[in-house]
Amino acid sequence: VSQSRYRLLGIEEQVCLSRLSSMKAFIFDETEKVEESLVQAQLIAGHSKIPQNHLMISAIQAMHLFQVGEYKKAYEIANINYSQFSRLNYVGCFAPLDSLFVMARCLLEFARPREAKAKFAQVSALAEKWGEWSWHFMAEGYLARELAINGEVAEALPAASSAPIS
């Protein structure tokens with residue numbers, strides 16, 4: 001998101017757009033773009049006193065930390081973010097699905113597949129409820145992958161058939 005393109009927007013809207021841009025980059029595994037969005041959001045938010053900007057930046061930070069292999073830090077930040085966003089009742093595109101997804105991915109990295117599966121199922125259900133299909137299909141893809149890895153191919157097929165073709 002180019003800062004000059006959005007300079008007519010308020011600081012909060014710019015930070016929010018940086019988070020949305022980061023989500024897209026995270027889904028496409030574009031580490032550099034997530035990092036660029038993080039830096040940009042931090043610069044923009046330096047001119048604001050609204051606490052929700054901190055949540056938006058922390059969400060971007062959790063995605064970035066995950067992508068660079070800092071799983072423990074990513075999990076901790078995502079967990080705090082998820083709690084804060086949930087407490088504030090954020091839903092839809094402002095919901096903490098990115099943080100919940102980072103938590104699930106970290107749990108896989110921590111070799112805790114049962115907990116990861118529960119988190120992916122939670123992401124999928126909430127994303128479907130709020131019409132956030134990118135997160136729904138990402139979570140369903142991981143659920144199908146885990147089933148297939150565990151030899152539960154018959155169970156994986158329905159989930160895989162609803163996942164996007166890449």
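Just so it is clear, the structure is predicted and the values come from calculations on it, not from any experiment.

Looking at this structure, how should I read the pattern of salt bridges?
Side chains bearing opposite charge may pair, as long as their charged atoms lie close to each other. Counted according to the given criterion, the structure contains four salt bridges. Note that aspartate 98 is salt-bridged to arginine 19, the shortest N-O span being 2.7 Å. Of this pair, aspartate 98 sits in helix H5 (residues 97-109) while arginine 19 sits in helix H1 (residues 11-27), and the two are 79 residues apart along the sequence. The class for aspartate 98 is buried, based on a relative accessible area of 0%.

Whenever I open this one, the packing of aromatic side chains confuses me. Can you help?
Given two aromatic rings, one states the distance between the centres and the angle between the planes to describe the pair. Under the defined criterion, the tally for this structure stands at 11 aromatic pairs. On the basis of an interplanar angle of 85° and a centroid distance of 6.2 Å, the ring pair of phenylalanine 26 and phenylalanine 101 is categorised as edge-to-face. A residue pair is termed long-range when its members are at least 10 positions apart, and phenylalanine 26 in helix H1 and phenylalanine 101 in helix H5 qualify at 75 residues. An aromatic cluster is present here, built from Phe26, Phe66, Tyr71, Phe101, Phe120, Trp135 and Tyr142 joined pairwise through their rings.

Can you walk me through the environment of arginine 105 in this structure?
One can find arginine 105 in helix H5. Placed 34 residues apart in sequence, arginine 105 and alanine 139 show a C-alpha to C-alpha distance of 9.6 Å. Each residue touching arginine 105, except ones within four places of it in the same chain, is listed here: Phe66, Phe120 and Tyr142.

Sorry, what's going on with unusual backbone geometry here?
Glycine aside, negative phi is the norm for most residues, and most peptide bonds take the trans geometry. A positive phi angle is found at aspartate 29, which is not glycine, with a value near 55°. Relative to the helices and strands, aspartate 29 resides in the loop between H1 and helix H2 (31-45). Assessed through its relative accessible area of 58%, aspartate 29 is described here as exposed. Phi is positive for asparagine 89, which is not a glycine, with a value near 60°.

Sorry, what's going on with the side chain of histidine 64 here?
Residue position: histidine 64 is located in helix H3 (residues 52-67). Histidine 64 gets classed as buried once you look at its relative accessible area, which sits at 12%. Apart from the residues within four sequence positions on either side, histidine 64 is in contact with Thr31, Val34, Glu35 and Leu38.

Would you mind going over the packing of H1 against helix H7 (residues 133-149) with me for this structure?
Two numbers describe a pair of packed helices, the interaxial angle and the distance between the axes. Contact geometry for H1 and H7: axes closest at 12 Å, N-to-C directions at 30°. Looking at the two axes, H1 sits roughly parallel to H7. Relative to H7, the crossing made by H1 is left-handed. Taking contact as the criterion, the partners of Met23, Phe26 and Ile27 in H1 are, on H7, Ser134, Trp135 and Met138. Classifying every residue of the contact of H1 with H7 gives five nonpolar, one polar and no charged.

Rules behind the numbers
Residues numbered from 1 in each chain as written. Predicted model: local features only at pLDDT ≥ 70, side-chain atom pairs only at ≥ 80, totals over all residues. Heavy atoms only, no water. Salt bridge = Lys/Arg side-chain N within 4 Å of Asp/Glu carboxyl O. Helix = DSSP H or I, 4+ residues; strand = E, 2+ residues; numbered from the N terminus. Buried < 20%, exposed > 50% of the residue type's maximum accessible area, 1.4 Å probe, protein only. Phe/Tyr/Trp six-rings, centres within 6.5 Å; stacked < 30°, edge-to-face > 60°. Contact = heavy atoms within 4.5 Å. Axes fitted to C-alpha atoms, helices over the stretch in contact; angles between N-to-C directions. Parallel < 35°, antiparallel > 145°, perpendicular 65-115°, else oblique. Left-handed = near helix turned anticlockwise from the far one by under 90°. Nonpolar A, V, L, I, M, F, W, Y, C, P; charged D, E, K, R; others polar.

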